[in-house]
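Spelled out, the chains give:
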Amino acid sequence: MVMIDQSFYENMIAFKTLEAALIDMGIQISNYLVEYFFLLMEISSEKNNIQATLSEVEIILRCLSVDENSVVINTFISVLEIFDKTRKTSAISNHLRAKGKLKEETSKVIHSCVFTGIKYNLFHLITMEILLLEVSFRYPDRPLMVINELFLAKAIYLKDHVFKDKLERVNTKINELKDEMISIGDSHYSTNDHLIFHRRMEYRIQMVWNKLDLKPGAA
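Residues numbered from 1 in each chain as written. Predicted model: local features only at pLDDT ≥ 70, side-chain atom pairs only at ≥ 80, totals over all residues. Heavy atoms only, no water.

Novice: Can you break down the packing of helix 3 (residues 71–88) against helix 8 (residues 192–210) residue by residue, with the values?
Specialist: Where helix 3 meets helix 8, the closest approach of the two axes is 10 Å, and the angle between their N-to-C directions is 150°. With respect to helix 8, the axis of helix 3 lies roughly antiparallel. Here the hand of the crossing between helix 3 and helix 8 comes out right-handed. Counted together, Val72, Thr75, Phe76, Ser78, Val79, Ile82, Phe83, Thr86 and Arg87 of helix 3 and Phe197, Arg200, Met201, Arg204, Ile205, Val208 and Trp209 of helix 8 form the full contact between these two elements. In terms of residue class, the contact of helix 3 with helix 8 is built from ten nonpolar, three polar and three charged. (Axes fitted to C-alpha atoms, helices over the stretch in contact; angles between N-to-C directions. Helix = DSSP H or I, 4+ residues; strand = E, 2+ residues; numbered from the N terminus. Parallel < 35°, antiparallel > 145°, perpendicular 65-115°, else oblique. Left-handed = near helix turned anticlockwise from the far one by under 90°. Contact = heavy atoms within 4.5 Å. Nonpolar A, V, L, I, M, F, W, Y, C, P; charged D, E, K, R; others polar.)

Novice: Can you lay out the nonpolar core for me, pointing to particular residues and giving the numbers?
Specialist: Across soluble globular proteins, nonpolar side chains show a tendency to be buried alongside one another. Counting residues in each nonpolar core, the largest one holds 53 residues, and the members touching the most others are Tyr36, Leu133 and Trp209. Counting residues per element, the ones that place at least two in this core are helix 1 (6–43), helix 2 (47–64), helix 3, helix 6 (108–136), helix 7 (148–183) and helix 8. Sorting elements by how many residues they give to this core places helix 1 first, with 18 residues. (Core = buried A, V, L, I, M, F, W, Y, C linked by side-chain atoms within 4.5 Å. Buried < 20%, exposed > 50% of the residue type's maximum accessible area, 1.4 Å probe, protein only.)

Novice: So what's going on with the environment of Leu125? Which residues, and what values?
Specialist: Along the polypeptide, Leu125 turns up in helix 6. When residues no more than four places from it in sequence are discounted, the contact partners of Leu125 are Arg169, Val170 and Lys173.

Novice: Any chance you could break down helix 3 for me, citing the residues and the numbers?
Specialist: Working note: α-helix, 3.6 residues per turn, so residues spaced by three or four point in the same direction. Compared with an ideal rise of 1.5 Å per residue, which puts 18 residues at 26 Å, helix 3 spans 26 Å between its outermost C-alpha atoms and is within 8% of the ideal. All of the buried residues in helix 3 are Val72, Ile73, Thr75, Phe76, Ile77, Val79, Leu80, Phe83, Asp84, Thr86 and Arg87. (Expected span 1.5 Å × (residues − 1).)

Novice: An account of the side chain of Ser65 is needed here, citing residue identities and associated values.
Specialist: Locating Ser65 in the fold gives a position in the loop between helix 2 and helix 3. Residue classification places Ser65 among the buried residues on the basis of a relative accessible area of 18%. Among all residues touching Ser65, those that are not within four sequence positions of it are Ser70, Ile73 and Glu134.

Novice: Summarise the pattern of salt bridges; cite the residues concerned and give the values.
Specialist: Evaluation of the coordinates by the stated rule reveals four salt bridges. Of the charged contacts in the structure, one is a salt bridge between Glu35 and Lys178, with a shortest N-O distance of 3.7 Å. You can see Glu35 sitting in helix 1 and its partner Lys178 sitting in helix 7, a full 143 residues away along the chain. Owing to a relative accessible area of 18%, Lys178 belongs among the buried residues under this scheme. Here Arg87 and Asp84 are joined by a salt bridge, their closest N and O atoms 2.6 Å apart. A residue pair is termed a helical-turn pair when its members lie 3 or 4 positions apart in one helix, as Arg87 and Asp84 do in helix 3 at three residues. As far as burial versus exposure is concerned, Arg87 and Asp84 are alike and both buried. (Salt bridge = Lys/Arg side-chain N within 4 Å of Asp/Glu carboxyl O.)

So this is what it looks like as structure tokens:
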């Protein structure tokens, strides 16, 4: 009978704990990334604007990758692709485009301020979290011969100390922007079409991240 070192199993359990932390934070950040596009769809009536922004964001994400085959960055890009496909088959796109003329008649100055807050301020916060996630879960190429407490401690530290406050800042910014849009009568977040779209994306985001199979020595 082949004897397998007990420490190997302990290290694998610890590593899987760290992987679970990565998936949990990846799902949270992905949901915020989708909220970013929801907000843009609310403020922009042009379908081509959203398509162009999706392409821009994909390019930026690829630039954040530590190497050519980052599992973390590739998963975020998969989220973009899923959002694009869901958007094209969702009734919400037609609903928002139908509201386009009404949006153009409202204050252009107010819309410009909200658009800037979404396009640049919010996106900056989200990309910083994506970059932090990418860097935090990089591992040197080596066999899984590490102290299991290290992985466990890192998982707890990243979730409770590194990401917690930063993700709360992103959430606060999103809520502020939603409130601004409601105040100018330009929000459709409560419509059935939007809620259906949102639930579909939440489910699909969880699916794509739960397929993640992180290997020691790769991210």
